[in-house]
Amino acid sequence: MITNKKPRSSDTDSIYMKDDRTEMSEDDDRSPSPNSITHDSRPTRTYTTGSGPGTGPGSSSVPEYLAPCPDQVLENVLENVLLFLTSRKDRNAASLVCRSWYRVEALTRSDLFIGNCYAVSPKRATSRFTRIRSVTLKGRPRFADFNLMPPNWGAHLAPWVSAMALTYPWLEKVHLKRMSVTDDDLALLAESFSGFKELVLVCCDGFGTSGLAIVASRCRQLKVLDLIESEVSDDDVDWISYFPDTGTCLESLIFDCVECPIDFDALERLVANSPSLKKLRLNRHVSMGQLHRLMAQAPRLTHLGTGSFSPSEDVGQGEQGPDYVSAFAACKSIVCLSGFREIIPDYLPAINPVCANLTSLNFSYANVSAEHLKPIISNCHKLQIFWVLDSICDEGLQAVAATCKELRELRVFPFEAREDIEGPVSEVGLQAVSEGCRKLQSILYFCQRMTNAAVVAMSKNCPDLVVFRLCIMGRHRPDHVTGEPMDEGFGAIVMNCKKLTRLAVSGLLTDRAFAYIGKYGKIVRTLSVAFAGDSDMGLKYVLEGCPRLQKLEIRDSPFGDAALLSGLHHYYNMRFLWMSACNLSNQGCQQIAQALPRLVVEVIKHEDNLDMDENVDTLYMYRSLEGPRDDVPRFVSIL
């Protein structure tokens, strides 16, 4: 199991899965009508008024009032109604009613979501949707985060930003995830959209501090600049100092993933000149002493990422350090707290003044013990989101269960992602959480040992679960008490949690577990499988039994060509299928490509094994209106 990338922020994911709603409108295969809304005109008719319908002494000829074309009235009404429709799902449904609704929905849509940048071309998207102000674009599949995909696979922003620059002069927001972004892309973005306000880059790479400096200097209305889990190269450019000195519109600034040092004086001026700033997440080069100064400049912060949570080096031995408790006490609006890199746990009590109001707490970088956690968590009665390392042990999770009755999301990450150790959390912590946090809706839980009984208990105690991701580190590990496969535990989850849409399975699983998923997982949209299954029947159960499945990720499992071919009826309805280190052959993948011509079938070879042999290293399949892409690297073969 590969878990070489530590969690960093609320947008981080484990190797086993992340949820996105998959909608069809952006990838719809119907072309828009060449004509937009038209206004019909007809000849004017006259009629005679008087005592009768024909003639009479008082008759006169007046023009008849001609009502607009009924179709035009309908489209005018629709346009006004659809302006208030914000849900992608609802809009997609509306666009499928008829051609008239299709046209009007496109004309009134302001937010564009593309779940796979290769599913539709920039030209097709910008031609259909002409009034877009916000674009969300996703690129590489999620397993690229964990070295399961060779670098330079693709997902380039360049063609998209070029098309948007020509079509969307009023664009305000761009959200990118796992895209390859260059400094030139950022420069074109900054130059093309005079009213640009929001840039969010999640798990992106290819750009550096030079590109950030261009965005900071040219986007004078920028409200949000969020860099989350992205790789930013150090170009020896002090990008923070490029923000205007006269004041900014910034409401959110997140740069905790930027590894290079920043000019703190420039950052302090920026914070002071940003009166609307509500969210600030700092990188590890910002010390606690510097954090203290920034908090004094921004007492209205609601979301704070602390950077390094260790004392300043400029405080001499025996000198009085800053009063951190008073600094946190002055920031009464903080509801979300993260950071705590390079933490010294003795300083944790400084956050006590804000704990009572916290709804989100992220300790996924903080190596703290249960002893240090308990005094903090005991004050967090409103907490709804909690991310933490397994260093808190089962004892720490029991403390969470005792206090956090409003908890909706829990993620427990491994401090040491190793298979050959006995981890500090187990079924004891999981069962405690299920008993104490009955409102839980989402859980990601890394451990080395688990029991069916604990998973069954969670399915009964937390029936509102929407996301259940249990990652048992170590291949094919059974119930460590009974020695039985983990089939019954996962079966109980899909049976009892009627709202479940995302599931990640691991441990020793037989085809029986997949039979349960196929039978009861009728609304599961994302399924991730690692080191599990007996035979092709397991995957067949899933593909034939889960009608709403959109994203399927499988690694190191025994499924072969027969299992793959069993999903022919469903692949056009899915966003993607990923299979690596399974028992697939080129012949089987070729059969899929021939049977489903609108499905792009990519066979990915590792750099050290580029010769085409019969076995397939990695298969990545996705639906596309455009067919094979034109930027295929040499280690990818499209069948």
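Residues numbered from 1 in each chain as written. Predicted model: local features only at pLDDT ≥ 70, side-chain atom pairs only at ≥ 80, totals over all residues. Heavy atoms only, no water.

Participant: Any chance you could break down the overall build of the protein for me, citing the residues and the numbers?
Facilitator: Helix and strand counts for the protein stand at 20 helices and 25 strands. A total of 639 residues make up the protein; the buried ones form 55% of that total. Counting contacts in the protein only where the partners sit at least 6 residues apart, residues at least 24 apart contribute 72% of the total. If you sum the accessible surface of the protein, you get close to 26200 Å²; carbon and sulfur atoms cover 50% of it. (Helix = DSSP H or I, 4+ residues; strand = E, 2+ residues; numbered from the N terminus. Buried < 20%, exposed > 50% of the residue type's maximum accessible area, 1.4 Å probe, protein only. Contact = heavy atoms within 4.5 Å. Areas by Shrake-Rupley, 256 points an atom, 1.4 Å probe, with all protein chains shown as cover.)

Participant: Could you give an account of the pairing of strand S12 (residues 303-306), with specific residues and numbers?
Facilitator: One face of the sheet, then the other: side chains in a regular strand alternate in exactly this way. Relative to S12, strand S11 (residues 279-282) runs parallel, the two sharing four bridges. Directly across from Leu280, in S12, lies its bridge partner Leu304. Note that the unit made of S11, helix H9 (residues 288-297) and S12 has a crossover that is right-handed. (Pairing = 2+ DSSP bridges. Right-handed = clockwise from strand over helix to strand, strands pointing away.)

Participant: Go over the environment of Phe264 with me, naming the residues and quoting the values.
Facilitator: Following the sequence through the fold, Phe264 ends up in helix H8 (residues 264-272). For Phe264, a relative accessible area of 8% translates into the label buried. Separated by 24 residues in sequence, Phe264 and Ile240 place their C-alpha atoms 8.7 Å apart. Not counting chain neighbours up to four residues away, the residues in contact with Phe264 comprise Gln290, Arg293 and Leu294.

Participant: With reference to specific residues and values, describe helix H2 (residues 88-95).
Facilitator: Note on helix geometry: an α-helix contains 3.6 residues per turn, so any two residues three or four positions apart are oriented the same way. Turning to H2, its buried residues number three or more, namely Arg91, Asn92, Ala94 and Ser95. Relative to the axis of H2, the buried residues are bounded by an arc of 160° and lie together on one face. The N-cap residue of H2 is Ser87: its side-chain oxygen and the backbone nitrogen of Lys89 are 3.3 Å apart. (Arc of directions from axis to C-beta. Polar contact = N/O pair within 3.5 Å; in protein donor to acceptor, adjacent residues only side chain to side chain.)

Participant: I'd like a rundown of the state of the cysteines, residues and numbers included.
Facilitator: On inspection of all chains with the given rule, the structure shows zero disulfides. Cys257 carries a free sulfur, and the closest cysteine sulfur to it, the one in Cys203, is 8.9 Å from it. (Disulfide = S-S within 2.5 Å.)

Participant: I'd like a rundown of the pairing of strand S22 (residues 576-580), residues and numbers included.
Facilitator: Counted residue by residue, S22 has five buried out of five residues, so it is predominantly covered. Covered by surrounding structure in S22 are Phe576, Trp578 and Ser580 together with Leu577 and Met579, the residues of both alternating faces. With five bridges connecting them, strand S21 (residues 551-555) and S22 associate as parallel partners. The residue bridging Leu552 from the neighbouring strand is Leu577, located in S22.

Participant: Tell me about the pattern of salt bridges, residues and numbers included.
Facilitator: Scanning the entire structure with this criterion turns up 25 salt bridges. Taking the shortest distance from any N to any O, the salt bridge between Arg109 and Glu105 comes out at 2.7 Å. No difference in accessibility class separates Arg109 from Glu105, as the two residues are buried. Glu259 is paired through a salt bridge with Arg284; the nearest N and O atoms lie 2.9 Å apart. Of this pair, Glu259 sits in the loop between strand S10 (252-254) and H8 while Arg284 sits in the loop between S11 and H9, and the two are 25 residues apart along the sequence. Judged by relative accessible area, Glu259 falls into the partly exposed class, the value being 37%. Among the residues examined, Arg284 registers a relative accessible area of 34% and is labelled partly exposed. Connected through shared salt-bridge partners, Arg91, Glu105, Arg109 and Arg128 make up one network. (Salt bridge = Lys/Arg side-chain N within 4 Å of Asp/Glu carboxyl O.)

Participant: Can you lay out the packing of helix H5 (residues 158-167) against helix H6 (residues 183-192) for me, pointing to particular residues and giving the numbers?
Facilitator: Contact geometry for H5 and H6: axes closest at 10 Å, N-to-C directions at 15°. Between H5 and H6, the interaxial angle falls into the category roughly parallel. Both H5 and H6 take part in a crossing whose hand is left-handed. Only Asp185, Leu188, Leu189 and Ser192 of H6 make contact with H5, whose side of the interface consists of Ala158, Val161, Ser162 and Ala165. Split by residue class, the contact of H5 with H6 holds five nonpolar, two polar and one charged. (Axes fitted to C-alpha atoms, helices over the stretch in contact; angles between N-to-C directions. Parallel < 35°, antiparallel > 145°, perpendicular 65-115°, else oblique. Left-handed = near helix turned anticlockwise from the far one by under 90°. Nonpolar A, V, L, I, M, F, W, Y, C, P; charged D, E, K, R; others polar.)

Participant: Mind laying out the packing of H6 against helix H7 (residues 209-218), listing which residues take part and the relevant values?
Facilitator: Between H6 and H7, the shortest axis-to-axis distance is 8 Å and the interhelical angle comes to 5°. It follows from the interaxial angle that H6 and H7 lie roughly parallel. Counting all contacts with H6, which are made through Asp183, Leu186, Ala187, Ala190 and Glu191, the residues of H7 involved are Ser210, Gly211, Leu212, Ile214, Val215 and Arg218. Of the residues in the contact of H6 with H7, the class split is six nonpolar, two polar and three charged.

Participant: Account for the nonpolar core, naming residues and giving values.
Facilitator: Core analysis: the biggest nonpolar cluster contains 174 residues, and Trp239, Leu267, Ile351, Phe363, Phe386 and Phe468 have the highest contact counts within it. Apart from the residues within four sequence positions on either side, Phe468 is in contact with Ile443, Val455, Met458, Phe490, Ile493, Leu500, Arg502, Leu503 and Ala504. With seven residues, the next largest nonpolar core counts Trp387, Leu389, Cys471 and Met473 among its residues. (Core = buried A, V, L, I, M, F, W, Y, C linked by side-chain atoms within 4.5 Å.)

Participant: Residue-level account of unusual backbone geometry, with values.
Facilitator: Even without a glycine there, the phi angle at Cys203 is positive, about 55°. By secondary structure assignment, the location of Cys203 is in the loop between strand S6 (198-202) and strand S7 (207-208). Positive phi values are uncommon outside glycine, yet Cys393 reaches one of about 65°.

Participant: An account of the packing of aromatic side chains is needed here, citing residue identities and associated values.
Facilitator: Applying the stated rule across the entire model yields 16 aromatic pairs. For the pair Phe468 and Phe490, a centre-to-centre distance of 6.1 Å together with 70° between the ring planes defines the contact as edge-to-face. Note that Phe468 is positioned in strand S18 (residues 467-472) and Phe490 in helix H16 (residues 487-496), a separation of 22 residues in sequence. The exposure class of Phe490 is buried, given its relative accessible area of 1%. By way of ring pairs, the aromatic residues Tyr118, Phe143, Trp153, Phe576, Trp578, Tyr620 and Tyr622 are connected into one cluster. Of note, Arg88 hangs over the ring of Phe113, and the distance from its end group to the ring centre comes to 3.8 Å. (Phe/Tyr/Trp six-rings, centres within 6.5 Å; stacked < 30°, edge-to-face > 60°. Lys NZ or Arg CZ within 6 Å of the ring centre and 35° of its normal.)

Participant: I'd love a proper account of the side chain of Ser528, names of residues and values included.
Facilitator: Looking at where Ser528 falls in the secondary structure, it is placed in strand S20 (residues 526-530). Polar side-chain contacts of Ser528 include one of 2.6 Å to the side chain of Glu553.

Participant: Would you mind going over the confidence of the model for the protein in detail, with residue names and values included?
Facilitator: Taken residue by residue, the protein gives an average pLDDT of 87. The fraction at 70 or more is 86%. Of all secondary-structure elements in the protein, the lowest mean pLDDT belongs to strand S1 (residues 46-49), at 36, while H16 reaches the highest, 98. Counting contacts from residues 1-63, a segment whose pLDDT is below 50, to residues more than four positions away or on other chains yields 188 contacts. (pLDDT = per-residue confidence, 0-100.)

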